[in-house]
Amino acid sequence: MSRIGKQPVTIPSGVDVAIDGQNVTVKGPKGSLSYEVPAPITVAQEDGAIVVSRPNDERESRSLHGLVRTLIFNNVTGVTEGFSKKLEIVGTGYRATAKGSDLELALGYSHPITVKAPEGITLQLEGNTKITVSGIDKQQVGEVAAKIRKLRKPEPYKGKGVRYAGEHVRRKAGKAGK
């Protein structure tokens with residue numbers, strides 16, 4: 001039995017969950033998210049909690065059991081608290097400026113790069129080197145943060161580039177390090 005899948009997802013106050021067949025819709029103070037549950041897995045609402053169950057012990061059912069429970073839990077967490085990822089820009093002359101809801105990044109290229117915030121995602125700037133990506137959908141927040149980081153990954157010699165807050169960049173010795 002999946003240890004994660006068999007745990008019920010508790011529904012906090014202020015959150016409304018609607019289960020319509022295989023579609024689970026979660027509404028909360030920050031917004032609304034829906035998720036289409038894959039075929040063999042069933043979802044039910046029992047005394048203030050969401051219970052995810054599987055019909056058999058086949059490989060596909062076992063692999064989906066914990067996944068579905070975690071995705072529903074992430075939806076509940078997203079509409080109540082939201083998710084955020086912090087990025088840091090390291091390097092001389094590397095900076096970000098806010099242009100309305102979009103960001104303009106100077107990352108050592110010959111031109112500035114404009115990053116448009118998708119619907120449901122907010123990009124906040126602290127100083128000119130710290131970016132916070134926040135929203136209610138965990139997958140979308142992570143994807144936008146990864147795309148911003150991909151514009152200039154941290155390089156191993158000087159550590160310059162865009163990195164996650166707290167990320168350790170493995171450094172290499174340069175030419176003089178023989």
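Definitions and cut-offs
- Residues numbered from 1 in each chain as written.
- Predicted model: local features only at pLDDT ≥ 70, side-chain atom pairs only at ≥ 80, totals over all residues.
- Heavy atoms only, no water.
- Helix = DSSP H or I, 4+ residues; strand = E, 2+ residues; numbered from the N terminus.
- Rg over C-alpha atoms; globule rule 2.2 N^0.38 Å.
- Buried < 20%, exposed > 50% of the residue type's maximum accessible area, 1.4 Å probe, protein only.
- Expected span 1.5 Å × (residues − 1).
- Arc of directions from axis to C-beta.
- Contact = heavy atoms within 4.5 Å.
- Phe/Tyr/Trp six-rings, centres within 6.5 Å; stacked < 30°, edge-to-face > 60°.
- Lys NZ or Arg CZ within 6 Å of the ring centre and 35° of its normal.
- Pairing = 2+ DSSP bridges.

1. A word on the overall build of the chain
Move 1: Scanning the chain for helices and strands turns up two helices and 13 strands.
Move 2: Relative to the 2.2 N^0.38 estimate, which gives 16 Å for 178 residues, the radius of gyration of the chain is 21 Å and therefore markedly larger than a compact globule would have.
Move 3: Across its three principal directions, the C-alpha atoms of the chain cover 60 × 45 × 25 Å.
Move 4: Residues classed as buried in the chain amount to 35% of the 178 residues present.

2. Points about helix α2 (residues 138-150)
Move 1: For α2, spanning 13 residues, the distance from its first C-alpha to its last is 18 Å, which sits close to the expected 18 Å at 1.5 Å a residue.
Move 2: Three or more residues of α2 are buried, namely Val141, Val144, Ala145, Ile148 and Arg149. Projected down its long axis, α2 shows its buried positions confined to an angular sector of 140°, all on one face. What points out from α2, more than 90 degrees from its buried face, is the exposed set Gln139, Lys147 and Lys150.
Move 3: Residues of α2 that are buried in the fold lie against β7 (83-90), β9 (102-106), β10 (113-115), β11 (121-126), β12 (130-135) and β13 (161-164).

3. Some thoughts on the packing of aromatic side chains
Move 1: As enumerated under the stated definition, the model contains zero aromatic pairs in all.
Move 2: Looking at Lys85, its charged tip hangs above the ring of Tyr164, at a distance of 5.2 Å from the centre.
Move 3: When the ring centre of Tyr109 is taken as reference, the NZ or CZ atom of Arg152 above it lies at 4.2 Å.

4. A word on the pairing of β9
Move 1: Across five bridges, strand β8 (residues 95-99) lies against β9 in antiparallel orientation. Across the sheet, residue Ala96 finds its bridge partner in β9, namely Leu105.
Move 2: Two successive antiparallel strands, β8 and β9, enclose a turn made up of two residues, where Gly100 displays a positive phi of approximately 70°.
Move 3: The turn joining β9 and β10, which pair antiparallel and follow one another in sequence, is formed by six residues; a positive phi near 85° is taken by Gly108.

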